[in-house]
Amino acid sequence: MSKLQQLQESMGALKVLYVEDEEGVREQTLIFLKKIFKNIDSASNGEEGLERFKEKAYDLVISDLKMPKMNGREMLRQIHELDKDAVLIVMTASDSNMDASETVSDAYLKKPVMFMDFVEVLESMKERLQKR
Amino acid sequence: MYITMINMEQEKAEEIGINTARAALTQDKIFRFWATSHGGLYVPVTKKTPPNPALAHLPHRDLNVADKNLTLMDPAYALRQMMNEYEGLYGLKGHITSLKLLNPNNAPDTWEKSVLEGFENGIKIEEKHIYTEKGTVPVLRVFEPLITKKGCLKCHDFQGYKVGDVRGGVSVTLPMTEIYDKKEQNIMKLMSLHALVWLYGVLFISYFYRKTLQSNTEQQQLNEELVKKEHFLRTLIDTDSNLIITNFQRNIHLANQAALDFTGYATLEAFKKEHNCICDLFEEKENCLQEQMGELYWIEYVLATPEQRHHVCMKKGKREHIFNIVVKQMDMEGEEQYIVVFNDISELLHSQENLALAQHIANVGHWELDLQNNELHWSDEVYRIFGVDKAEFDLSYKAFIEMIHPDDRTMVDEAYQDSLESQEEYRVIHRIIHPDTHEEKIVEERCEHYHDSEGKVIRSLGTIQDITERKRLEEQLHEKEEMMLAQSRHAAMGEMISMIAHQWRQPITVIAMGANNLLADVELEDVQPESVRQSAALMLEQTHHLSKTIDDFKNFFRPNKKTEMTLVNDVLEENFSIVGKSLENHNIAVEKEYNSVTPIPIFSRELLQVFINILKNAKEALIEKEIKEPLISVATREDEEHVYISICDNGKGIDPAILAKIYDPYFSTKDEKIGTGLGLYMSKTIVEKHLKGIIKAENREEGGICFEISLPKKGVSDNE
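Source: prediction; values computed, not measured.

Some words on the packing of aromatic side chains
Residues and elements named next belong to chain B.
Point 1. The final tally for this structure, using the stated rule, is 18 aromatic pairs over all chains.
Point 2. Relative to Trp298, the ring of Phe282 has its centre 5.0 Å away and its plane inclined at 75°; by these criteria the two rings are edge-to-face. Note that Phe282 is positioned in the loop between helix H8 (268–274) and strand E10 (292–293) and Trp298 in helix H9 (residues 298–304), a separation of 16 residues in sequence. With respect to burial, Phe282 and Trp298 carry one shared label: buried.
Point 3. Plain terms: the ring middles of Phe282 and Phe342 are 6.4 Å apart, the flat faces sit at 65° to each other, and that makes the pair edge-to-face. Of this pair, Phe282 sits in the loop between H8 and E10 while Phe342 sits in strand E14 (residues 335–344); the two residues are 60 residues apart in sequence, bridging distant segments of the chain.
Point 4. Classification of Phe282 as buried rests on a relative accessible area of 7%.
Point 5. By the ring-pair criterion, three or more aromatic residues cluster together here, those being Trp367, Trp378, Tyr383, Phe386, Phe393, Tyr397, Phe400, Tyr416 and Tyr426.

Regarding helix H13 (residues 406–422) of chain B
Residue and element names in this part refer to chain B.
Point 1. Along its 17 residues, H13 runs 25 Å from first to last C-alpha, staying within 8% of the 24 Å computed at 1.5 Å per residue.
Point 2. Considered for burial, the residues of H13 that qualify are Asp408, Val412, Tyr416, Ser419 and Leu420. Taken around the axis of H13, the buried residues stretch over an arc of 110°, which confines them to a single face. Among the exposed residues of H13, those pointing more than 90 degrees away from its buried face are Asp407, Thr410 and Glu421.
Point 3. Residues of H13 that are buried sit in contact with strand E15 (364–370), helix H12 (397–403), strand E17 (426–433), strand E18 (440–451) and strand E19 (457–466).
Point 4. Gln423, located one to two residues past H13, shows a positive phi value of around 55°.

Re the interface of chain B and chain A
Point 1. Across the boundary between the two partners, chain B contributes 21 residues, which contact 25 residues of chain A.
Point 2. Approximately 2,000 Å² of surface area, both sides summed, lies buried where chain B meets chain A, with 61% of it carried by carbon and sulfur atoms.
Point 3. When the buried surface of chain B facing chain A is broken down by residue, B:Met513, B:Glu523 and B:Leu524 rank first, second and third, together holding 28% of it.
Point 4. Measuring nitrogen to oxygen at the nearest pair gives 2.5 Å for the salt bridge that ties A:Lys35 to B:Asp521.
Point 5. On the surface where chain B and chain A come into contact, there are nine residue pairs in polar contact (both at pLDDT 80 or more).
Point 6. At the level of secondary structure, the elements contributing two or more residues to the side of chain B that touches chain A comprise helix H14 (468–523) and helix H16 (568–585) of chain B.
Point 7. Examining the composition of the side of chain B that touches chain A, we find that 15 residues originate from one element, H14(B), more than from any other.
Point 8. Its residues assigned to classes, the side of chain B that touches chain A shows eight nonpolar, eight polar and five charged.

Some thoughts on the sheet that holds strand E5 (residues 107–110) of chain A
Strand pairing in a sheet relies on backbone hydrogen bonds, with the paired strands running either antiparallel or parallel.
All names here are of chain A.
Point 1. Across the sheet, five strands lie side by side as E2-E1-E3-E4-E5; this open sheet has parallel pairing. Single-partner strands in this sheet number two, and they are strand E2 (39–43) and E5. On average, each strand axis in the sheet is tilted by 20° relative to the strand beside it, whichever way the strands run.
Point 2. Pairing of strand E1 (residues 15–19) with E2, which is carried by five bridges, proceeds in the parallel orientation. Bridged to Leu17 within E2 is Asp41.
Point 3. Across the sheet, helix H3 (residues 46–55) lies against E1, E2 and strand E3 (60–63), angled at about 165° from E1, the strand it touches most.

Let's talk about the packing of H16(B) against helix H17 (residues 604–624) of chain B
Residues and elements named next belong to chain B.
Point 1. Their axes nearest at 9 Å, the elements H16 and H17 cross at an angle of 40°. The orientation of H16 with respect to H17, classified from their angle, is oblique. The crossing of H16 and H17 is right-handed. Listed contacts from H17 to Val568, Val571, Leu572, Glu574, Asn575, Phe576, Val579, Ser582 and Leu583 of H16 are Ser604, Arg605, Leu607, Leu608, Phe611, Ile612, Leu615 and Lys619.
Point 2. Of the residues assigned to the contact of H16 with H17, the class counts are eleven nonpolar, three polar and three charged.

Here's the deal with the packing of H3(A) against helix H4 (residues 72–82) of chain A
Residues and elements named next belong to chain A.
Point 1. One way to put it is that H3 packs onto H4 with a least axis distance of 9 Å and a crossing angle of 15°. If you check the angle between H3 and H4, you find them roughly parallel. Here H3 and H4 pass one another in a crossing that is right-handed. Judged by residue contacts, Gly46, Gly49, Leu50, Phe53 and Lys54 of H3 engage Met75, Gln78, Ile79 and Leu82 from H4.

Rules behind the numbers
Residues numbered from 1 in each chain as written. Chains lettered and ligands numbered in written order. Predicted model: local features only at pLDDT ≥ 70, side-chain atom pairs only at ≥ 80, totals over all residues. Heavy atoms only, no water. Phe/Tyr/Trp six-rings, centres within 6.5 Å; stacked < 30°, edge-to-face > 60°. Helix = DSSP H or I, 4+ residues; strand = E, 2+ residues; numbered from the N terminus. Buried < 20%, exposed > 50% of the residue type's maximum accessible area, 1.4 Å probe, protein only. Expected span 1.5 Å × (residues − 1). Arc of directions from axis to C-beta. Contact = heavy atoms within 4.5 Å. Buried area = accessible area lost by both parts, 1.4 Å probe. Salt bridge = Lys/Arg side-chain N within 4 Å of Asp/Glu carboxyl O. Polar contact = N/O pair within 3.5 Å; in protein donor to acceptor, adjacent residues only side chain to side chain. Nonpolar A, V, L, I, M, F, W, Y, C, P; charged D, E, K, R; others polar. Pairing = 2+ DSSP bridges. Axes fitted to C-alpha atoms, helices over the stretch in contact; angles between N-to-C directions. Parallel < 35°, antiparallel > 145°, perpendicular 65-115°, else oblique. Left-handed = near helix turned anticlockwise from the far one by under 90°.

Structure below.
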């Protein structure tokens, strides 16, 4: 069994929110994420993302940082306020580590995201996510 | 001697005559006095003495005493009677007369009348006499005035006579025949005595008389000529503005008007009362002549040293004047006379000093080439520019050409020869090299030509200016501008790279995700041909987009060597295609209003650079000030001659205190990491120097700032 199939089995039922302003990127990333998560929603900016989170208690939030209206950093900070246990993963093109360090998050993925990196980050979150 | 004797005889004869006449007059006077004192006298009425009708107004004119008829005779009447009676007796004829007559018989003759009129007109009352002729007889006539006395009024009162008036006179006429005969006898005696002497005398005298007469005429003519010439010379030297004096030995003899005016004396005499020599006024100064020059008097010194220039310093008021002096020596009848001319050169020196100073300050020298004699003259400043010693340098056109940088020689010579032919102004910039130090200088030369009546150039007058320093500064400035342009371009490039990077990230992310999806399908053993095809198509599409952004990037750095017909709207759109995403990320809205429709020939890349700079500033200002609804509005319009582009934001605007500085190089309000301080400086440089337009910045009333760029529709030419 491949690693992806294992993730599919262990995390497939988690409620996931994906926030990305760039449509092309969002579409392709959603295609990928849907291969693992059956229960996934998306938002195109921080403001929309925060609204979604308030409606539904997501287990995992994957977000870009630079976005119009409300940026990812602010959105993640507020989500963390609402639910300290929600797992937060940043997926950004910014090469500055400072952006990540100043952000409330559990993991950092640099765009363009490599397949194996993504698998590894999810595997590292496995224990925390299984608690939910 | 002979004439003297003749004269003496004549005088003697006349004296005898006058004395005789006077004696007669005196007698007459005494008689008349006596008659007047008695109020006239009564005489018997006879044929010779009838009653005087003029006295008819008197009550007692006629008396009858002892049967004798007596009539009153006034003194004048009595005297006339007496005179008439006794004329024959001693040949002396008396005549009493007046201008106002009682007795018409007493009327004056022409001579008497003229004398009486003279008395009446106030001529001094005295005796008058005349030698004349009566018929053929030479006579002496003596006339004595009669002054009105109290007794006269008895008869003359009615005529308005007053005591003291001259109302008439008595004259006697003395025949001179006898006296003259005596004189002739005496003269004859003298003549025989001096016959010989007289003969020679006459000859001698007549000869010399003629001679003197003749030479007198010549002398007079010569004198007149001399006076004329002297007057002419005097006028001539007085009109000279130079001070001219002449000296006999050490004494001043003549000074012209200019000399008198300068020294402040009205005449030479007035000058000489206070000074012995004009050298009294010589100022004691170095290089100025003094009264004694060593052993020699100043005039002698000047004459002894003709090879030198001699200067005299004299003050007029407070101002010192400097003169060139020239002395000429003349031998005047054995005495040395000196003519000294003082030529005031103060003004000349002043202007020469000024010129030299001006030339030195401006690093400009002048030169003159006499083409007829092939003589070249340089001003001191030219020697200084060329760095050669005036005294040692052998100046010629050839020597000048040899000082020129070898690469420039032909060009300079040809330029000069061409200008000689065309007679147009010669203007050339070339290098010169010092023969010893090999120091290189850059000079600018200009000249004009002067020609004779036939149009042939006879001399060239030119200037030469050392522009080495100016050229160096120009080059420095040019280098600095180039450097700043490069810096600004690098900054803009950085901005571009950041923009492009941002644009590239998305397609790369999309491509990567497409690849991830394919990998995931393989991992999940769910490879569907349709999804593979979709992913591949997506990736191709994204790579095409990447390729396009590379073209944009290349375009930006493509140096604009030629102008292109450009619609400014297109440049703005190109700009937004690069920065648009960045603005969107910061929620900055963009309003566009394109009204310009005419493409203009400009360097479009440079205009793009200007737009990027302005939009970047606007974006940063809006973010920094956290403007709620940030908006950037761009608009284009045009009129007959210009195209206008305005770029406005709704930020806080620019502090008016620094508004004037925004175009200064290295001026920035931004964090050092963000701003270079060159963006607006270079924008202004590009707009004004490269695009020949104008850029202005104005705070808007509603907040924010507007930049407006106006570009000429005729655009710019390629080599600008």
